[in-house]
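Residue-level listing of the chains:
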Amino acid sequence: MGLAMSYLRLPPSLEGRRDPDGIAQLVFGRPDWRRRHPADRIADVGGAWQALHYLITGDPWDGRPPEGDVVCGGRLLTEDGTGELGMDVIYLPPERVRPVAELLAEVPFGMLAERFDAAAMAAAGVQDADRMDADACERVLRPAYERLTRLFGAAAADGQAVYKTMAPHAR
């Protein structure tokens with residue numbers, strides 16, 4: 001079993017709450033949170049999150065902002081959140097969303113695709129890289145990157161924060 005990642009863009013204030021922890025509890029404490037938000041506010045990248053991070057930063061875990069903020073950056077709001085919410089939640093504030101949006105808009109996926117090497121990624125411990133074929137870059141990673149580009153662009157334009165969730169999923 002691996003981890004799947006989803007992104008949700010939200011305003012900095014929700015139902016009178018301004019603190020990211022309270023907003024996370026309010027939103028992700030409901031099992032139907034996905035259905036409660038318009039589809040254009042959510043981007044699912046599934047198990048491709050770590051491969052995307054690797055393509056963007058060249059490392060399976062590390063990376064300086066804004067590159068590292070696309071996937072791994074932000075403030076962990078849950079400590080082993082799988083106990084309470086069924087997932088971990090990472091918060092990226094609006095002031096860190098804008099540089100990510102600019103980066104994604106400026107860096108075409110073709111540049112990142114040059115870094116795609118499933119064997120090297122698997123050796124680095126990237127989740128599911130050992131199961132990626134030569135077509136995975138175009139079939140899985142490009143569409144995920146494009147979804148993130150749209151989500152971060154819209155969040156930056158609206159002055160929103162991005163909440164990232166990580167939850168177990170069957171491979």
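Residues numbered from 1 in each chain as written. Predicted model: local features only at pLDDT ≥ 70, side-chain atom pairs only at ≥ 80, totals over all residues. Heavy atoms only, no water.

Colleague: Kindly report on the side chain of Arg9, identifying the contributing residues and their values.
Modeller: Secondary-structure assignment places Arg9 in strand β1 (residues 2-10). A polar contact is formed between the side chain of Arg9 and the side chain of Asp158, at a distance of 3.2 Å. Here the side chain of Arg9 touches Gln160 through a polar contact of 2.6 Å, side chain to side chain. (Helix = DSSP H or I, 4+ residues; strand = E, 2+ residues; numbered from the N terminus. Polar contact = N/O pair within 3.5 Å; in protein donor to acceptor, adjacent residues only side chain to side chain.)

Colleague: Let's hear about the packing of helix α2 (residues 49-57) against helix α6 (residues 136-157): which residues, and what values?
Modeller: Put simply, α2 and α6 touch, their axes get as near as 10 Å, and they point 80° apart. It follows that α2 is roughly perpendicular to α6 by the angle criterion. From α2, Ala51, Leu52, Leu55 and Ile56 reach across to α6, where they touch Leu141, Ala144, Tyr145 and Leu148. Residue composition of the contact of α2 with α6, grouped by class: eight nonpolar, no polar and no charged. (Axes fitted to C-alpha atoms, helices over the stretch in contact; angles between N-to-C directions. Parallel < 35°, antiparallel > 145°, perpendicular 65-115°, else oblique. Contact = heavy atoms within 4.5 Å. Nonpolar A, V, L, I, M, F, W, Y, C, P; charged D, E, K, R; others polar.)

Colleague: Tell me what's going on with helix α3 (residues 94-106), and back it up with residues and numbers.
Modeller: Look at α3: 19 Å from first C-alpha to last across 13 residues, which is about the 18 Å you get at 1.5 Å a residue. Within α3 the residues assigned to the buried category are Val97, Val100, Ala101, Leu103 and Leu104. Projection of α3 onto a plane perpendicular to its axis shows the buried side chains occupying an angular sector of 165°, all on one side. Summarising the geometry of α3, the exposed residues directed more than 90 degrees from the buried face are Glu95, Ala105 and Glu106. Those residues of α3 that are buried are in contact with β4 (88-92), α6 and β5 (161-169). (Expected span 1.5 Å × (residues − 1). Buried < 20%, exposed > 50% of the residue type's maximum accessible area, 1.4 Å probe, protein only. Arc of directions from axis to C-beta.)

Colleague: Can you tell me about the packing of α3 against α6, naming the residues and giving the values?
Modeller: For the pair α3 and α6, the least separation of the axes is 8 Å and the interaxial angle reads 135°. In terms of axis orientation, α3 runs oblique to α6. In terms of crossing hand, the pair formed by α3 and α6 is left-handed. Each of Val97, Arg98, Val100, Ala101, Leu103, Leu104 and Ala105 in α3 lies in contact with α6, whose residues at this interface are Tyr145, Leu148, Thr149, Phe152, Gly153, Ala155 and Ala156. (Left-handed = near helix turned anticlockwise from the far one by under 90°.)

Colleague: Could you give an account of the environment of Ala156, with specific residues and numbers?
Modeller: Position of Ala156 among the secondary structure elements: in helix α6. What makes Ala156 buried here is its relative accessible area of 6%. Counting along the chain gives 33 residues from Ala156 to Ala123, while the straight-line C-alpha distance between them is 35 Å. When neighbours within four sequence positions are excluded, Ala156 is seen to be in contact with Val97, Arg98 and Ala101.

Colleague: Could you give an account of the side chain of Lys164, naming the residues involved and the relevant values?
Modeller: Its place among the elements puts Lys164 in strand β5. Buried and unpaired, Lys164 has no salt bridge, with Asp69 as the nearest side chain of opposite charge at 5.9 Å. Within the structure, Lys164 has its side chain in polar contact with the backbone oxygen of Asp69 (distance 2.6 Å). Among the polar contacts made by the side chain of Lys164, one reaches the main-chain carbonyl oxygen of Val71 at a distance of 3.0 Å. In contact with Lys164, other than residues within four places in its own chain, are Met5, Ser6, Tyr7, Asp69, Val70, Val71, Cys72, Gly73, Asp88, Val89, Ile90 and Leu92. (Lys, Arg positive; Asp, Glu negative; His and termini not counted. Salt bridge = Lys/Arg side-chain N within 4 Å of Asp/Glu carboxyl O.)

Colleague: Go over the nonpolar core, please, and point to the residues and values.
Modeller: Within the largest apolar cluster, 41 residues are counted, with the highest numbers of intra-cluster contacts made by Tyr7, Phe116, Met121, Leu148 and Phe152. Sequence-distant contacts of Phe152, that is, excluding residues within four places in its chain, are made with Tyr7, Val70, Leu92, Val97, Val100, Ala101, Leu104 and Val162. Residues Leu8, Leu14, Phe28 and Met87 belong to the second largest nonpolar core, which totals 16 residues. (Core = buried A, V, L, I, M, F, W, Y, C linked by side-chain atoms within 4.5 Å.)

Colleague: So what about the environment of Leu10? Which residues, and what values?
Modeller: Within the secondary structure, Leu10 sits in strand β1. Among the residues examined, Leu10 registers a relative accessible area of 3% and is labelled buried. Separated by 151 residues in the primary sequence, Leu10 and Ala161 have C-alpha atoms spaced 5.5 Å apart. Contact partners of Leu10, with chain neighbours within four places excluded, come to Ile23, Val27, His37, Gln160, Ala161 and Tyr163.

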